[in-house]
Amino acid sequence: MGSAKAKAEEIIKTAEKDAKVIYQNAEVEAKEHYIEQMKDLEKETRKRQAEFDKTETRLERKEEALTGKERLLEKRERTYTHKTKELANRQKSIDKLETKRRELIQEQEKELARISGLSQQEAKEIIVSRMEDDARKDAAVQIRKIIEDAKDQADMKAKEIIATAIQRISSDFVSETTVSVVSLPSDEMKGRIIGREGRNIRALEAATGVDLIIDDTPEAVIISAYDPIRREIAATALNRLISDGRIHPARIEEIVEKVQKEIEKSMREAGEQIAFEVGVQGLKPELIRLLGRLKYRTSYGQNVLQHSKEVAFIAGMMASELGVNTKLAKRAGLLHDIGKAVDHEIEGSHALIGAEIAQKNNEPREVVRAMAAHHGDESPTTIEAILIQAADALSAARPGARREILETYLKRLSKLEEISTSFKGVEKSYAVQAGREIRIIVTPEDITDSEMAMMARDIAKRIEQELEYPGEIKVTAIRESRAVEYAR
């Protein structure tokens, strides 16, 4: 019994020690869990505070912008009233001049018939011919004056719009390309990528749908494909395979499938983010997905998703200035190029493809019409359609937004000079400022100042009819008269 009692006491002491150790471990774990929870809570709190600060800053900026626009509207209203009165007075003066012109024509017809003995019809033809020349000269002077006034007003308006757009939009310069380059840690990795008898490279090309070019370029592999999404998937998958080190067909298929899902998720998140930034709500999941695909789509070097964001903001600002529906303008601007996400899969213009997709997803009729008409495939029938056309041109035409093919650029310059020199009285013509301006030197003996203004207008009209170009082209006509003498 004494031995049993001693053994029992020993068991009790051992149990107490074990219980104490278990209690201490539990206490340590509880403290660690509590610390982790506190860290997560602090991190979430900081995140929410940052979001709150960002939202507060954005609201303050919007309030400042609204105040500025209110003052601008008041100023424009006063200017519009003044211009309306001025135009009414100008119209009255024109009517009086027209009445006087008719009276003078009748008097000259009678006088000419009486003096020359010509028939009334012959006299009438002579007078009409002479009056046409005079009227053309007067019209040229009047047109030049009206154009100068209109330019002054248009310049002021354009500066306001562009200044507002520049202040609120900051975009990067993007270069269009059909290849991506993946850096390698060493040239030995090229052999592993190719694999035994080329099985690895064939598996990667089959899984991604791209062409892998492995040449003498040191420590680099070139991925070639017209589809930017495929290039992105291939580049990401190849980088992961290189980091992982296990490169074989089964692993390649596994990594590519995983990367495809991640890219799809990132494109969807990009679509949701851009819709949130623009302030467009209620888009169907299909439209969100197609918007995200534009993240990897470029046009003349300009990222289409960023371009759509710019167009939405610019259209919204112009709609606000005009007092029309800002939400519809922004919505149409954001979705106007959505057809480019699938235009390589569906035949037809991307404008009409996008409009059809928007209609299937129950977008408003005004949005569908604006999307279909933004490249002239259909006639613009709503104010939103005209705003999208203007915003699209403004975003694409700003310096550095797009990269033009050299061959097309040279052809446009040659065509500009060809059109200018085809007019009678043009001595020389020069395309300057990268084709943004055409300067014409006329023969002063053949062309007067008034006729020169008419010629510049006719050349501009012909350029609009025969050429396609981003932005605008300035036509400058120069007439110079020189008198030279020598004192001997």
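Novice: Give me the overall build of the protein: which residues, what numbers.
Specialist: The helix and strand tally for the protein stands at 14 helices and eight strands. Summarising the internal contacts of the protein: among those between residues at least 6 apart in sequence, 62% fall at separations of at least 24. Split by element, the accessible area of the protein, about 32600 Å² in all, is 51% carbon and sulfur.

Novice: Give me the pattern of salt bridges: which residues, what numbers.
Specialist: According to the stated counting rule, one finds 21 salt bridges in the structure shown. Asp-337 serves as the salt-bridge partner of Lys-340, at 3.7 Å between the closest nitrogen and oxygen. One continuous salt-bridge network, built from bridges that share partners, spans Asp-244, Arg-246, Arg-251 and Glu-254.

Novice: Residue-level account of the nonpolar core, with values.
Specialist: In terms of nonpolar packing, the biggest core is built from 43 residues, with Leu-283, Leu-291, Leu-334, Leu-335, Ile-338 and Met-371 touching the most fellow members. When contributions to this core are tallied by element, the ones reaching two or more residues are α6 (249-278), α7 (285-293), α8 (304-322), α9 (326-335), α10 (350-360), α11 (365-373) and α12 (383-397). Setting aside residues no more than four positions away along its own chain, Leu-334 makes contact with Ile-274, Ala-275, Val-278, Val-280, Leu-283, Leu-291, Ser-308 and Ala-312. If you look at the next biggest cluster of nonpolar residues, it comprises 28 residues, including Met-189, Ile-193, Leu-204 and Val-256.

Novice: Residues and numbers for the packing of α6 against α7, please.
Specialist: The contact between α6 and α7 brings their axes to 7 Å, and the two run at 100°. By the angle between their directions, the pair α6 and α7 is classed as roughly perpendicular. The residues of α7 that touch α6, namely those facing Glu-264, Met-267, Arg-268, Ala-270, Gly-271, Glu-272, Ile-274 and Ala-275, are Ile-288, Arg-289, Leu-291, Gly-292 and Arg-293. Classifying every residue of the contact of α6 with α7 by side-chain character gives six nonpolar, two polar and five charged.

Novice: Give me the lowdown on α10, citing residues and values where you can.
Specialist: Working note: α-helix, 3.6 residues per turn, so residues spaced by three or four point in the same direction. Restricting attention to buried positions, one finds in α10 the residues His-350, Ala-351, Ile-353, Gly-354, Ala-355, Ile-357 and Ala-358. Next to the buried residues of α10 lie α7 and α11. Two residues or fewer after α10 comes Asn-362, characterised by a positive phi angle close to 60°.

Novice: Tell me about the sheet that holds strand β7 (residues 437-442), and name the residues and values.
Specialist: Spatially, three strands are ordered β6-β7-β8 in an open sheet, and the strand pairing comes out mixed. Single-partner strands in this sheet number two, and they are β6 (426-432) and β8 (474-479). Each adjacent strand pair in this sheet contributes to an overall mean axis angle of 20°, direction not counted. Where β7 meets β8, six bridges bridge the pair, whose relative direction is parallel. In the strand pairing of β8, Ile-438 is matched with Val-475.

Novice: Account for the side chain of Asn-200, with residues named and values stated.
Specialist: Structurally, Asn-200 is set in helix α4 (residues 199-208). Residue classification places Asn-200 among the buried positions, given a relative accessible area of 4%. Polar side-chain contacts of Asn-200 include one of 2.9 Å to the backbone oxygen of Arg-192. A polar side-chain atom of Asn-200 sits 3.3 Å from the main-chain carbonyl oxygen of Ile-247. Excluding its chain neighbours within four sequence positions, the residues that come into contact with Asn-200 are Arg-192, Ile-193, Ile-194, Gly-195, Ile-247, His-248, Pro-249 and Ile-252.

Novice: Tell me about a negative patch on the surface, and name the residues and values.
Specialist: A contiguous patch of negative charge, built from Asp-53, Glu-56, Glu-60, Glu-63 and Glu-64, is present on the exposed surface. Within the secondary structure layout, Glu-64 lies in helix α1 (residues 2-116). For Glu-64, a relative accessible area of 59% gives the class exposed.

Novice: Got a sec to walk through the pairing of strand β3 (residues 220-224)? Specific residues and values, please.
Specialist: For a regular strand, the rule is simple: side chains alternate between the two faces of the sheet. Burial of β3 is extensive: four of the five residues sit out of reach of the surface. Where strand β2 (residues 211-213) and β3 come together, three bridges link them in antiparallel fashion. Its bridge partner being in β3, Asp-211 is matched across the sheet by Ser-224. Hairpin connection from β2 to β3: six residues lie between these consecutive antiparallel strands, with Glu-219 at a positive phi of about 55°.

Novice: Account for the packing of helix α5 (residues 228-244) against α6, naming residues and giving values.
Specialist: Across the interface, α5 lies against α6 with an axial gap of 9 Å and an inter-helix angle of 130°. Classified by the interaxial angle, the pair formed by α5 and α6 is oblique. As for the relative orientation of α5 and α6, their crossing is right-handed in sense. Side by side, α5 and α6 meet where Ile-229, Glu-232, Ile-233, Thr-236, Ala-237, Arg-240, Leu-241 and Asp-244 of the first sit next to Arg-251, Ile-252, Ile-255, Val-256, Lys-258, Val-259, Gln-260, Glu-262, Ile-263 and Met-267 of the second. The residue inventory of the contact of α5 with α6, partitioned by class, reads 10 nonpolar, two polar and six charged.

Novice: So what's going on with the confidence of the model for the protein? Which residues, and what values?
Specialist: Regions with low pLDDT should not have their predicted coordinates read in detail. Averaged over every residue, the pLDDT of the protein is 81; residues scoring 70 or more account for 88%. Segment residues 170-176: pLDDT under 50, and 15 contacts once partners within four positions in sequence are set aside and those in other chains are kept.

Novice: Please set out the pairing of β7 residue by residue, giving values where relevant.
Specialist: Where β6 meets β7, six bridges bridge the pair, whose relative direction is antiparallel. The residue of β7 that forms the bridge with Val-426 is Val-442.

Novice: Could you give an account of unusual backbone geometry, with specific residues and numbers?
Specialist: Excluding glycine, residues mostly carry a negative phi; peptide bonds, for their part, are mostly trans. Unusually for a residue other than glycine, Glu-197 sits at a positive phi of about 55°. You can see Glu-197 is positioned in the loop between α3 (188-194) and α4. Phi angles above zero are rare outside glycine, and Glu-219 is one such case at about 55°. Tracing the backbone through its elements, the reader meets Glu-219 in the loop between β2 and β3. Judged by relative accessible area, which is 40%, Glu-219 ranks as partly exposed.

Cut-off values and rules
Residues numbered from 1 in each chain as written. Predicted model: local features only at pLDDT ≥ 70, side-chain atom pairs only at ≥ 80, totals over all residues. Heavy atoms only, no water. Helix = DSSP H or I, 4+ residues; strand = E, 2+ residues; numbered from the N terminus. Contact = heavy atoms within 4.5 Å. Areas by Shrake-Rupley, 256 points an atom, 1.4 Å probe, with all protein chains shown as cover. Salt bridge = Lys/Arg side-chain N within 4 Å of Asp/Glu carboxyl O. Core = buried A, V, L, I, M, F, W, Y, C linked by side-chain atoms within 4.5 Å. Buried < 20%, exposed > 50% of the residue type's maximum accessible area, 1.4 Å probe, protein only. Axes fitted to C-alpha atoms, helices over the stretch in contact; angles between N-to-C directions. Parallel < 35°, antiparallel > 145°, perpendicular 65-115°, else oblique. Nonpolar A, V, L, I, M, F, W, Y, C, P; charged D, E, K, R; others polar. Pairing = 2+ DSSP bridges. Polar contact = N/O pair within 3.5 Å; in protein donor to acceptor, adjacent residues only side chain to side chain. Patch = residues over 30% accessible without salt bridge, like charges linked within 9 Å, V, L, I, M, F, W, Y side chains within 5 Å. Lys, Arg positive; Asp, Glu negative; His and termini not counted. Charge placed at Lys NZ, Arg CZ, Asp CG, Glu CD. Left-handed = near helix turned anticlockwise from the far one by under 90°. pLDDT = per-residue confidence, 0-100.

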